[in-house]
Amino acid sequence: MSYRSLQECTDDLRRHGHLREVDHPIESNLVAAAVQRRLFAAGGPAVLMRNLTGTEFPVLANLYGTPERVRFLFRHSLDAVRRLVEIKSDPENLKNRPLRYVGTPLTALTMLPRSVRRGPVLANETTVSRLPQITSWPHDGGAFVTLPQVYSEDPRAPGLNKSNLGMYRVQLSGNEYATDAEIGLHYQTHRSIGVHHQAARELGKPLHVNIFVGGPPSMAVSAVMPLPEGMSELTFAGALGGRRVRMVKRRDGASIHADADFCICGTIEDGRLLPEGPFGDHLGYYALTHDFPVLKVHKVYHRDGAIWPFTVVGRPPQEDTMFGELIHEITGPLIPTVLPGVEAVHAVDAAGVHPLLLAVGSERYMPFLEEQQPQELLTQAHAILGQGQLSLAKFLLIAARQDEAGLDIHDIGAFLAHMLRRADWTRDLHFHTQTTIDTLDYSGFSVNKGSKLVVAATGSPAFELATEVPADLHLPEGFNNPIVALPGVLAVEGPRCPAPSFDYDVSRTARAAHDEQARAEIERFCDAFAADGSINRFRWVLVVDDSRFVAESLNNLLWAVFTRANPATDVSGIGAFIEDKHWGCRGALVIDARIKAHHAPIVEEDPETTAAVEALAASGGPLHGLY
């Protein structure tokens, strides 16, 4: 079914048993978000909350909450999109199997957005303060739109063809924003909206921006699709949604999605910045308060019977994990065409997506070498780090396909074991320093600045992976509780660092001193062991705050280690050396994954909200049986 509206979508979900409705009052501050988290964790239904406090509009939770529901939403178009991707990845498919692609021209037609004069979204006007004011976490700076579709057009060539639709953070209230007149807009400068903003500044004009909420589900998915710059997300939304996207052309600004449930219209004025945040974000920590552009609000529209969809971001997995899985399913076959030699790339959700990439490539030079070592894999690694959002990665682990035919990039434990058995720390560590990382990642030197580490491994297994703590292991003072977290991986508790602060600009000098002390502690740890000591039976030694937590599950390890480590400052080793400007170590690789003073605080639910949500779900409660 190709949905013309979110209302059609919810009606369809209701008919097929995927939707429940709740009339009981739900608190917009923290409680609604806590309900959403539990719905997702339980694999529960989509829930339409008709009585959210502080607003007249119903809100929809957990729309994309399970893989089965996501496929249900796009059940009539997903195969058609896959066929388009097959032709793009190999045009010979069309010639060899013409009957399979007989409907492809019709799918291609749906990719053309259509200009219309009017649309349902323009039926009514309201104000920002009357929209659902949902706060997700205790220290959030205000209410945020969590499923926004932020639309802008290139001011040098206005129109649909060079438009951009992205899912950028939108703060509706709090901080210094003038009520109903200003909202916050958080985006990274290298995104397409940043290109549009810069072009507007060069022309001396404000940038017109429209924020859509709701509408057919294909629009939200398209807003997070990693499409090439200059290619409109509206085209993908049409293909995935099974019908052309209708846009109302405006003389006084950017076009408006005719079938959205809500639209906030405004302009970004040159040089106008205000503090935005904090906000509990997708890495599982708070994004702190920083200056970002302000959207001057001109109009707020909504359709009759408008529904406000929302989600929660936080430590993965969350509902946005489903977006990532769908994107990989659709775009995976294109990887070899965009990155020659690369067979697969996996952005690891449990590690926060951007901090850790796993990749499989081909190493065609290997048969001609006496000593097997990565060569072509390094070329492929650099190509990966040059691609769009993949450029935000901090750790990239790349293996050669021919070394293990059945290597599954999504079996993360097996992939790590494959790498640890082969990677040579004297040769296979390649650092990129003083470069960019995710703006939301506070493990680096400062905002948006950090480093990267490429680990390339090829050849036959060369190292054993220890599975027991050596009886003769003696840790230096301040380090204790060694636990084997994975074969070849030892977690050790180190001295606690001072807790992070919500005020990023306070006590930079003090934080720098604490960070220097943390580095000295790791140096002392490494110096306590010789390169042939018993600890070197392990390939990785993880210095953490809680070794039991890290060893408890693979997801805990991935999250704690890769979100908290900046390669250039936090990767050390026993028997370290520098040779011809190449860093390596002869013993175990040591990763300092402690929470440090310059990091951001962890996102956690407060006890009062937990009690309130558990009461709603108790026997006889209005949400009993939903999660």
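Structure: see above.
My aim in this report is to walk through the structure given alongside it, one point at a time. This structure is a prediction, so every number in the text was calculated from the model and none was measured.

The subject of this paragraph is the overall build of the protein chain. On a plain count of helices and strands, the protein chain comes out with 18 helices and 30 strands. Taken against the 2.2 N^0.38 rule, which gives 25 Å for 627 residues, the C-alpha radius of gyration of the protein chain at 25 Å falls within 12% of a compact globule. Surface summary for the protein chain: the accessible area is close to 25500 Å², and the carbon and sulfur share equals 51%. Put simply, the protein chain has 58 plus and 74 minus side-chain charges, and the middle of one group is 8 Å from the middle of the other.

Here we have 5 strands laid out as an open sheet, ordered β24-β25-β26-β30-β27, and mixed in their pairing. Edge positions in the open sheet fall to β24 (480-486) and β27 (571-573), since each of these has one partner strand only. Between one strand axis and the next, the sheet turns by 25° as a mean value, whatever way the strands run. Relative to strand β26 (residues 540-544), strand β25 (residues 489-493) is paired through 5 bridges, and the arrangement is parallel. Within the sheet, the bridge partner assigned to Val-489 lies in β26 and is Trp-540.

As defined by bridge partners, β24 adjoins β25 across 4 bridges and the pair is classed as antiparallel. In the strand pairing of β25, Leu-486 is matched with Val-489.

This part takes up the packing of aromatic side chains. The full count for this structure, using the stated rule, is 14 aromatic pairs. Each ring, one from Phe-57 and one from Phe-262, has its centre 5.0 Å from the other, and the planes form 85°; the classification is edge-to-face. On the criterion of sequence distance, the pair formed by Phe-57 in the loop between β2 (46-49) and β3 (59-61) and Phe-262 in strand β14 (residues 262-276) is long-range, its members being 205 residues apart. Looking at Phe-262, the relative accessible area reads 1%, which means it is buried.

This part covers the nonpolar core. Considering soluble globular proteins, one finds that nonpolar side chains tend to be buried as a cluster. Membership of the largest hydrophobic core comes to 45 residues, with the highest contact counts inside it found for Leu-356, Leu-397, Phe-415, Trp-425, Trp-540, Leu-542 and Leu-558. Looking at which element gives the most residues to this core, the answer is helix α13 (residues 412-422), with 6 residues. Residues within four places of Leu-542 in sequence aside, it is in contact with Val-489, Leu-490, Ala-491, Val-492, Val-550, Leu-557, Val-561 and Ile-591. Listed in part, the 43 residues of the second largest apolar core include Leu-131, Val-145, Val-297 and Ala-306.

What follows concerns the packing of helix α2 (residues 31-41) against helix α18 (residues 607-617). Relative to each other, α2 and α18 sit at 65°, their axes nearing to 9 Å. Seen along the crossing, α2 lies across α18 with a hand that is right-handed. Across the interface between the two elements, Val-31, Ala-34, Val-35 and Arg-38 of α2 pack against Thr-609, Thr-610, Ala-612, Val-613 and Leu-616 of α18. Across the contact of α2 with α18, the residue classes break down as 6 nonpolar, 2 polar and 1 charged.

On to α13. Burial analysis of α13 places 8 of its 11 residues in the buried class, the great majority of the element. Listed in full, the buried residues belonging to α13 are Ile-412, Phe-415, Leu-416, Ala-417, His-418, Met-419, Leu-420 and Arg-422.

What follows is about a nonpolar patch on the surface. Residues Leu-106, Leu-109 and Leu-112 make up a contiguous nonpolar surface patch of roughly 300 Å² in combined accessible area. Looking at where Leu-106 falls in the secondary structure, it is placed in helix α6 (residues 104-110).

In this section: the side chain of His-257. Note that His-257 resides in strand β13 (residues 256-257). When neighbours within four sequence positions are excluded, His-257 is seen to be in contact with Val-121, Phe-212, Pro-216, Met-219, Val-245, Arg-246 and Met-247.

On to the side chain of His-418, then. Looking at the element boundaries, His-418 is found in helix α13. Ignoring sequence-local partners within four residues, the contact set of His-418 consists of Ala-399, Ala-400, Asp-403, Glu-404 and Leu-407.

Turning next to the pattern of salt bridges. Here the structure, examined in full by the defined rule, presents 28 salt bridges. For Arg-130, the salt bridge is made with Glu-56, and the minimal N-O distance between the two is 2.4 Å. Of the two residues, Arg-130 is situated in the loop between β5 (124-125) and β6 (144-145) and Glu-56 in the loop between β2 and β3; the sequence distance between them amounts to 74 residues. With relative accessibility at 41%, the residue Arg-130 sits in the partly exposed group. Beyond isolated ion pairs, a larger network of salt bridges with shared partners links Glu-521, Asp-570, Asp-592, Arg-594 and Lys-596.

Before going further, it helps to examine the environment of His-139. Along the polypeptide, His-139 turns up in the loop between β5 and β6. His-139 gets classed as partly exposed once you look at its relative accessible area, which sits at 45%. Once the C-alpha coordinates of His-139 and Glu-604 are considered, the two residues, 465 residues apart in sequence, prove to be 9.3 Å apart. Apart from residues no more than four positions distant in its own chain, His-139 is found in contact with Pro-278, Tyr-286 and Phe-502.

Turning to the environment of Gly-253, a few remarks are in order. Tracing the sequence through the fold places Gly-253 in the loop between β12 (246-248) and β13. By relative accessible area, which is 23% here, Gly-253 ends up partly exposed. Each C-alpha atom, one on Gly-253 and one on Gly-214, is 20 Å from the other, the two residues being 39 residues apart in sequence.

As a further point, take the pairing of strand β29 (residues 582-585). Taken together, the 4 bridges between strand β28 (residues 576-579) and β29 define a ladder with antiparallel strand orientation. Bridge pairing in β29 links Ala-576 to Cys-585. Here β28 folds back onto β29 in antiparallel fashion, the turn holding 2 residues, of which Asp-580 has a positive phi close to 50°.

Further remarks concern the sheet that holds strand β18 (residues 308-310). Pairing is mixed in the open sheet, where 4 strands are placed in the order β1-β2-β3-β18. Looking along the sheet, the strands with just one partner apiece sit at the ends: β1 (19-22) and β18. Between one strand axis and the next, the sheet turns by 25° as a mean value, whatever way the strands run. Strand direction decides the pairing type here: β3 and β18, joined by 3 bridges, are parallel. Within β18, the residue paired with Leu-60 across the bridge is Pro-309. Contacting β1, β2, β3 and β18, helix α1 (residues 6-15) runs over the sheet at an angle of about 105° to β1.

Calculation notes
Residues numbered from 1 in each chain as written. Predicted model: local features only at pLDDT ≥ 70, side-chain atom pairs only at ≥ 80, totals over all residues. Heavy atoms only, no water. Helix = DSSP H or I, 4+ residues; strand = E, 2+ residues; numbered from the N terminus. Rg over C-alpha atoms; globule rule 2.2 N^0.38 Å. Areas by Shrake-Rupley, 256 points an atom, 1.4 Å probe, with all protein chains shown as cover. Lys, Arg positive; Asp, Glu negative; His and termini not counted. Charge placed at Lys NZ, Arg CZ, Asp CG, Glu CD. Pairing = 2+ DSSP bridges. Axes fitted to C-alpha atoms, helices over the stretch in contact; angles between N-to-C directions. Phe/Tyr/Trp six-rings, centres within 6.5 Å; stacked < 30°, edge-to-face > 60°. Buried < 20%, exposed > 50% of the residue type's maximum accessible area, 1.4 Å probe, protein only. Core = buried A, V, L, I, M, F, W, Y, C linked by side-chain atoms within 4.5 Å. Contact = heavy atoms within 4.5 Å. Left-handed = near helix turned anticlockwise from the far one by under 90°. Nonpolar A, V, L, I, M, F, W, Y, C, P; charged D, E, K, R; others polar. Patch = residues over 30% accessible without salt bridge, like charges linked within 9 Å, V, L, I, M, F, W, Y side chains within 5 Å. Salt bridge = Lys/Arg side-chain N within 4 Å of Asp/Glu carboxyl O.

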